[in-house]
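Each chain, letter by letter, is given below.
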Amino acid sequence: MRVSSGWTPRLSDAAAPASERLVSALAEDILDGVVAEGERLPAHRALAEQLGVALGTVSKAYAELALRGLVRGTHGRGMFVSYRSEPASGSVDLAMNMPPRMLSDRVIAEALASSAGRVDAEVLSACGPPGGRLEYRRTAAAWLASTGLELPAEELVLAHGAQQGIAAVLMAVGQPGRPVPVYTEEVTFHGALSYARLAGHPVHGVPIDRQGLRPDLLDRMLARDARTRGGGIRPVVYVTPTLHNPTGARMCAARRRELVKVARRHDAFIIEDDVYALSEERVAPALVSLAPERTFLVSSASKALSPAIRLGMIKPPCAFRPRVAEAVRSLGLPVSPLICVLLDELVSAGIASTVRTSIRDEGARRTTMAREQFGQALFLAPRTGYHVFLPMPPERARRLAAAAQGAGVLVADPDSMLADPSQRAGGVRLSLGGPTIADLSRGLAIVHGLMGAASAA
């Protein structure tokens, strides 16, 4: 006996083709636990009639959901939900900046099983050549190409995640005993700040606006510091031009070209952190395309697929490739062949592309929740991504973070993102991707309720 579906058929309100609106609506309800694991969904023809869409529209939507592992078809019985939603937890983690979970257990298990058959004992026991095996670099190049960035596989260096890539570049551009000044956004990714300081490089915070780092002020700072900088030392500019962490700022094409002009004027290197561009449509050229002779692009699959797929990709200027590859090797965390093959499985099957799109759509839903909760208090009103920023003086940010933790909501340490601990600009980043929708709604409401008290204290 077949059990009727408990799902109330609907289409999302998005301005998109009917099949995409059906995918969005059903995916949201599956992820939110409205439709439980194992529940039978409406038959193709019945759903088409209920929604007033073509039969092919339903078939296309179900196929897309099956590719993501959210549903599975059983011959002669119908379509069933195959995704287990996570239960709500006691505390809410808005500190860990990770993408919303879009890969189901079944898809991961099947991809891992296929990957295991492609990696033998010899490959597992070998470190591989500097920069990574060419076949794996081709996988990385294919992944980048799917995001709109064409780069030669031969010029890539693979790392164990983007963070290792950033650390390796900072090692490669410096020389023993000669610190290199690093210029970056006044609030920025804490890992880059930590690696620069561990390498002994002085860090200088550059003021930002709603498009990120300001090239005009960078120009002034580089000109001012040139008088005291030792000969032969080239400054480094670390920047995240797309969905900047933590503010969500995005540089337009003109801003990027101006930044490149400033870097050339002062013969500065650029480290382009591109990890969040993987879940975005590219609307402006990458800095590595504008200035390949001085730009070290660092990217990864972890922010657009899953934190577990830690395959970092570095595109250095050709002359620096051996040094970057050696720096990666010296850090002692070689790239896992299993991770490389797993990414290849996901890319070749079309799963990576649809998951990246799903993360973008789910991120848009979550940022909408943050906009509705905080309004003008946000630094920006982002349409996509999965982190938002509440700008405020550092002392107030510390009070808000402490109060949130006391109320069961974790946020990133505000001080960890400050390029200059004595600066007056700061804020609190809220990471939206990790919690369930129910937990996220609760966590945002708690932080919003605490903001007045943090301001008055």
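Residues numbered from 1 in each chain as written. Predicted model: local features only at pLDDT ≥ 70, side-chain atom pairs only at ≥ 80, totals over all residues. Heavy atoms only, no water.

Colleague: Could you give an account of the overall build of the protein, naming the residues involved and the relevant values?
Modeller: Counting its secondary structure elements, the protein contains 16 helices and 15 strands. Relative to the 2.2 N^0.38 estimate, which gives 23 Å for 457 residues, the radius of gyration of the protein is 23 Å and therefore close to what a compact globule would have. Looking at the protein as a whole, 52% of its 457 residues qualify as buried. Within the protein, counting contacts between residues at least 6 apart in sequence, those at least 24 apart form 73% of the total. Total accessible area computed for the protein in this model is approximately 19000 Å², and 54% of it derives from carbon and sulfur atoms. (Helix = DSSP H or I, 4+ residues; strand = E, 2+ residues; numbered from the N terminus. Rg over C-alpha atoms; globule rule 2.2 N^0.38 Å. Buried < 20%, exposed > 50% of the residue type's maximum accessible area, 1.4 Å probe, protein only. Contact = heavy atoms within 4.5 Å. Areas by Shrake-Rupley, 256 points an atom, 1.4 Å probe, with all protein chains shown as cover.)

Colleague: Break down the UniProt feature "domain: HTH gntR-type" (unreviewed entry) in the protein for me, with residues and values.
Modeller: The UniProt record annotates "domain: HTH gntR-type" (unreviewed entry) at residues 16-84. Across residues 16-84, the secondary structure splits into 51% helix and 12% strand, with the terminal C-alpha atoms separated by 27 Å. (UniProt positions renumbered as here; feature names shortened; annotations may be inferred.)

Colleague: Describe the nonpolar core, with residues and values.
Modeller: Counting 90 residues, the largest nonpolar core has W143, L305, I309, M313 and L346 as its most contacted members. In terms of residues, this core owes the most to one element, helix α7 (residues 162-173), which gives seven residues. Residues L378, L390, L430 and L440 belong to the second largest nonpolar core, which totals 23 residues. (Core = buried A, V, L, I, M, F, W, Y, C linked by side-chain atoms within 4.5 Å.)

Colleague: Report on the packing of helix α9 (residues 215-225) against helix α10 (residues 253-265), specifying residues and quantitative values.
Modeller: Packing of α9 against α10 leaves a shortest axis separation of 9 Å and a crossing angle of 10°. One finds that α9 runs roughly parallel with respect to α10. When α9 is examined against α10, the residues P215, L218, D219 and L222 are found in contact with a partner set consisting of R255, E258, L259, V262 and R265. When the residues that make up the contact of α9 with α10 are grouped by side-chain class, the tally is five nonpolar, no polar and four charged. (Axes fitted to C-alpha atoms, helices over the stretch in contact; angles between N-to-C directions. Parallel < 35°, antiparallel > 145°, perpendicular 65-115°, else oblique. Nonpolar A, V, L, I, M, F, W, Y, C, P; charged D, E, K, R; others polar.)

Colleague: Give me the packing of helix α1 (residues 18-31) against helix α3 (residues 55-67): which residues, what numbers.
Modeller: A packed helix pair is summarised by two numbers, namely the angle formed by the two axes and the spacing between the axes. Packing of α1 against α3 brings their axes to within 8 Å, and their N-to-C directions diverge by 45°. With respect to α3, the element α1 is oriented oblique. Note on packing geometry: the crossing formed by α1 with α3 is right-handed. Contact residues: A18, S19, L22, V23, L26 and A27 in α1; T57, V58, K60, A61, Y62, E64 and L65 in α3. Considering only residue class, the contact of α1 with α3 consists of nine nonpolar, two polar and two charged. (Left-handed = near helix turned anticlockwise from the far one by under 90°.)

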